[in-house]
Structures are given as structure tokens and as C-alpha cells.
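Understanding the architecture of this molecule
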Protein chains: 2
Amino acid sequence: MSRVSCAACKYQRRKCTSECVLAPYFPANQPKKFQNAHRLFGVRNMVKILDELKDEDQKSDAMKSIIFESDMREKFPVYGCVECISYLHQQLQITLQELQDVQSQLEFYRQQHPTATYPNFDR
Amino acid sequence: MSRVSCAACKYQRRKCTSECVLAPYFPANQPKKFQNAHRLFGVRNMVKILDELKDEDQKSDAMKSIIFESDMREKFPVYGCVECISYLHQQLQITLQELQDVQSQLEFYRQQHPTATYPNFDR
């Protein structure tokens, strides 16, 4: 049966068969996705990761995370996806600090006006 | 000059020379650190990443992120460091929601008691 080679097989100039484990994750029309993943992890390591997982959903999630890490490494050659982690960590710290400030202000108003009640529509 | 082989050279059973680019990041007494990185990225890919960066600080930061990603992949075989990203993202969403709730409450108190002022010691 004729079959369009996936981006992984196309790059490696080999025949893509129905047994190709990388084909579901690297469609022929997205060569960059494969190149980034191949560049960072290599085909053998990706196949090893897939081999070690039994569940199809887990394989799919693992490949999504592998592709994400590869794309991030291309975008941020020094930090890779640690760049996202640092950004989110920083945003969380800023938001927690803001929450603490607003809670202090709210506490102040509550102490000043102990009889005032805030309407709670949810409960 | 005699030299203790780094974990990378020890694992590959080769002589560790002063030119070994991986030695600064994989001390002999931390073999697991190298095994995780080797398992996920392979020596060749790590050397390639180092070769592409000129600045020593950047090389060091890149290796820290590589080692972090490897350790996370060992801990979370399906999601790797995307596990951290998801967790931080979730925490940020929860905190932003909480901030919004507290800000609504504060706004309510302010409207109820427009003359009350919150002491601002910082400004």
C-alpha cells in the first residue's frame, strides 16, 4: 500500500511503514517539528521513550512534551523550557505578593467596619 | 597529569582530558546526573549544544537546564518538565482567581465606606 512518508522517515530517507512509531507525531507537512525534536533528542531516544510507555495516551502525551521541549530549545537555546518555568514562577511570585497586599487592605477595612458584610452570591 | 575521570568519561570508559567539555558539569561522584542527561539527550547532542554557545556563563546555564530537564524526565516519564509548567500554570490561575475575588471584596468595602483610607507606609 502506498503511504506518504512521515517527516521522520522523510528526513532519514527511509520507507515509512505502518509500523513506524513516529509517524503519528510527525506528519509529512511539518518537517520543522521533527527537525527540532531530532536535533535535541535524536530518533533513538524518542523511540526509547515511546517503547517504555504502554498506554497510547501516555505515548501521545510524552511526544507532545518532547515536541514542546524541542520547540522551546529552538526558541531559547540557553534555557529551553526552563525559560517558561522561570517566567511562570516569577508571575506566580508577583501575583502572590499582590494577593497578600490586597488581603491586608481588605483586613484593614474589615477591622474598621466590622458590621459590613460582603454579599456572597455563590454560597 | 593524572586526572579523575568525570562521570561522562567514566561511563563511556574513556580518558578524561583537560579538554573534556562535559567534565565541569558531570563530576565523578554524581553518576546519576550524567546517566539521566545521557539517556534523554545523548552525549553528542549535549556537546553540540555547548559548541553552539560561545559564552561560558551561557554554556553553564544551558547545561543546568539540560540536567534539570533530564532529572524531570526521570521523575515524570510522560510529561518531563512540562509537569512543572502545568503545575505552575495551574497555581497561577488559582492565585489570579483568588486575587480577583479579594479585589472584588475590597472594591465593595471601598464603595460602602468611601471615606476610609488605608494607611500606605511605603509611599
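Residues numbered from 1 in each chain as written. Chains lettered and ligands numbered in written order. Predicted model: local features only at pLDDT ≥ 70, side-chain atom pairs only at ≥ 80, totals over all residues. Heavy atoms only, no water.

Chain A carries the name LOB domain-containing protein in an unreviewed UniProt entry, which gives Solanum commersonii as its organism. One UniProt comment on chain A, placed under Sequence similarities (unreviewed entry), says "Belongs to the LOB domain-containing protein family." (UniProt positions renumbered as here; feature names shortened; annotations may be inferred.)

Let's shift gears to the environment of Ala23(B). Residue and element names in this part refer to chain B. Topologically, alanine 23 is positioned in the loop between helix H1 (7-11) and helix H2 (31-40). Taking relative accessible area as the criterion, alanine 23 reaches 14% and is therefore assigned buried. Placed 54 residues apart in sequence, alanine 23 and proline 77 show a C-alpha to C-alpha distance of 26 Å. (Helix = DSSP H or I, 4+ residues; strand = E, 2+ residues; numbered from the N terminus. Buried < 20%, exposed > 50% of the residue type's maximum accessible area, 1.4 Å probe, protein only.)

A separate point is the interface of chain B and chain A. Listed per partner, the contact involves 47 residues of chain B and 47 residues of chain A. Buried area between chain B and chain A, both sides added, is near 4,400 Å², and the carbon and sulfur share of it is 68%. Linking chain B with chain A are four salt bridges, by the criterion used here. For Glu69(A), the salt bridge goes to Arg73(B), with nearest N and O atoms at 2.9 Å. Mapped onto the side of chain B that touches chain A, the elements with two or more residues apiece are H2, helix H3 (43-51), helix H4 (56-75) and helix H5 (82-112) of chain B. For the side of chain B that touches chain A, the per-class residue count stands at 25 nonpolar, 14 polar and eight charged. (Contact = heavy atoms within 4.5 Å. Buried area = accessible area lost by both parts, 1.4 Å probe. Salt bridge = Lys/Arg side-chain N within 4 Å of Asp/Glu carboxyl O. Nonpolar A, V, L, I, M, F, W, Y, C, P; charged D, E, K, R; others polar.)

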